[in-house]
Number of protein chains: 2
Amino acid sequence: MRKGERTRTLILNEAMSLASRVGLEGLSIGSLAERLEMSKSGLFAHFGSKEELQLLTLKQTQTLFREQVFSPALTAPRGLPRLRALFSHWLTWLEHDLPGGCVMLAASTEYDDRPGPVRDLLVAGQRELRGAIAKAIRLAIDERHLAAQTDPWQLAFELLGIVLAAHHDRRLLGDTRSIARARDAFERLLEAHRAAAIA
Amino acid sequence: MRKGERTRTLILNEAMSLASRVGLEGLSIGSLAERLEMSKSGLFAHFGSKEELQLLTLKQTQTLFREQVFSPALTAPRGLPRLRALFSHWLTWLEHDLPGGCVMLAASTEYDDRPGPVRDLLVAGQRELRGAIAKAIRLAIDERHLAAQTDPWQLAFELLGIVLAAHHDRRLLGDTRSIARARDAFERLLEAHRAAAIA
């Protein structure tokens, strides 16, 4: 990595951390410059506008999510083991990654009424994630780990719900049991779809 | 209602509508004055500060939620009918109430890292809501509509997840099936806890 790229990555990591606390919309070149003890003009050399900074910060977060959640799950055997790995890494992401919670989940309510390139990138990422989960579920059906009548999109929707509830309770209510609750909910949900397979 | 109160209520309704789009944090006396075609100083006479405006707007939303979700559910017979009514009114709230989605759900990610009176009021409201759902579940257990081993707090957590997923998909992804998915998820969840009661 060249020095310019390295600096940019360092800046984006700090931007992710800041965005996790104040939201992507709250991210500004001024506040980021202050945290990095850099000049605003120095930052402008890397990011021409606030919107470009927001877009690159979101992209960096999506890349990190792929590296920490998707990629390791792909090494697990297809079917339930992979679906479990995906869900488990996702919870670990919520628990350990950024100081102020998941940038993408926060952005989901921030940008639902703000059309533009940031929203478009966010939506594309959320659709990609949902597709990947639905695919993992479909493979679990093909492997006969889950019942044939399981609807992959419905189950993917319910898995997102569990993650959102864990994020909500952990971040807003400071409930340390939320991750355990999410794991319980997930296992019971799988059980319901497996039991049906046997019946 | 006196004229002063009436004006205040009108202002707060407009503030709720604005907050549903830009978030409580994005709410400002300036932008609200513009929408209402009032002077900023006229608005300041009603709300001494941005924080007071945010607090009163949130309080008004919580009151509306109680009136539209809680209160009508209490007229349904205790047990499953009441729990179903609560969930159903909650989804109707998401679907029809405010142009930009639920103020409280959006505020949940907005304020998870912003300590202060707005966050405190929001947390108090979310805890009250969770308690009411857990109570409705407990009554359904007492009525033997749900299995004795059902954990009211776990099930209440899972119900919140379904609502959050519906809000996410409807608002961010523009998915019109999300409310139907939420109803399906809810019914299957109840079924799992009822089946256990019979077994």
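Coordinates for the structure precede this section.
The present account deals with the structure reproduced in this document. Please read these numbers as outputs of a predicted model, since none were measured by experiment. (Residues numbered from 1 in each chain as written. Chains lettered and ligands numbered in written order. Predicted model: local features only at pLDDT ≥ 70, side-chain atom pairs only at ≥ 80, totals over all residues.)

## Some thoughts on the overall build of chain A
Okay, step 1: A tally of regular secondary structure across chain A gives nine helices and zero strands.
Okay, step 2: Secondary structure elements of chain A, listed N to C terminal, follow the sequence α-α-α-α-α-α-α-α-α.
Okay, step 3: In terms of principal-axis extent, the alpha carbons of chain A reach across some 65 × 35 × 30 Å.
Okay, step 4: Evaluated residue by residue, chain A yields a buried proportion of 38% over its 199 residues.
Okay, step 5: Here the analysis covers contacts within chain A between residues at least 6 apart in sequence; of these, 61% occur between residues at least 24 apart. (Helix = DSSP H or I, 4+ residues; strand = E, 2+ residues; numbered from the N terminus. Buried ≥ 20, exposed ≤ 12 C-beta atoms within 10 Å, placed from the backbone. Contact = placed C-beta atoms within 7 Å.)

## Overview of the interface of chain A and chain B
Okay, step 1: In this complex, chain A contributes 31 residues to the contact, which on the side of chain B involves 31 residues.
Okay, step 2: Breaking the side of chain A that touches chain B down by element, the ones donating at least two residues are α6 (103–110), α7 (117–142), α8 (152–171) and α9 (178–198) of chain A.
Okay, step 3: Here the element with the most residues in the side of chain A that touches chain B is α8 of chain A; it accounts for 11 residues.
Okay, step 4: Here the side of chain A that touches chain B is built from residues that sort into 12 nonpolar, nine polar and 10 charged. (Nonpolar A, V, L, I, M, F, W, Y, C, P; charged D, E, K, R; others polar.)

## Quick notes on the relation of the copies chain A and chain B
Okay, step 1: Structural alignment of chain A on chain B gives an RMSD of 0.0 Å, achieved by rotating through 180° and translating 0.0 Å along the axis. Both chain copies can therefore be described as sitting about a two-fold axis. Within chain A, the C-alpha atom positioned nearest to the axis of rotation is that of G161 of chain A, 2.0 Å from it. (Least-squares fit on C-alpha atoms with pLDDT ≥ 70 in both.)

## Focus on helix α1 (residues 3–22) of chain B
All names here are of chain B.
Okay, step 1: Taking 1.5 Å per residue as the helical rise, α1 with its 20 residues ought to reach 28 Å, and the 28 Å between its terminal C-alpha atoms agrees with that figure.
Okay, step 2: Looking at α1, one finds that the buried residues are I11, L12, A15, M16, L18, A19 and S20.
Okay, step 3: On its buried face, α1 is in contact with α2 (29–36), α3 (40–46), α4 (50–74) and α6 (103–110).
Okay, step 4: G23 occupies a position one or two residues after α1 and carries a positive phi of about 85°. (Expected span 1.5 Å × (residues − 1).)

## Section: α6 of chain A
Okay, step 1: Here α6 of chain A lies mainly inside the structure; seven of its eight residues are buried.
Okay, step 2: Taken residue by residue, α6 of chain A has V103, L105, A106, A107, S108, T109 and E110 of chain A as its buried positions.
Okay, step 3: Along its buried surface, α6 of chain A packs onto α1 (3–22), α4 (50–74), α7 and α8 of chain A together with α6 and α8 (152–171) of chain B.

## Regarding the packing of α1 of chain A against α4 of chain A
Each packed pair of helices is defined by two parameters, the angle between the axes and the distance between the axes.
All names here are of chain A.
Okay, step 1: Close contact between α1 and α4 brings their axes to 9 Å; oriented N to C, the two are set at 90°. One element, α1, and the other, α4, form an angle in the roughly perpendicular class. Where α1 abuts α4, its residues L12, A15, M16 and A19 lie against L53, L56, T57, Q60 and T61.
Okay, step 2: For the contact of α1 with α4, a count of residues per class yields six nonpolar, three polar and no charged. (Axes fitted to C-alpha atoms, helices over the stretch in contact; angles between N-to-C directions. Parallel < 35°, antiparallel > 145°, perpendicular 65-115°, else oblique.)

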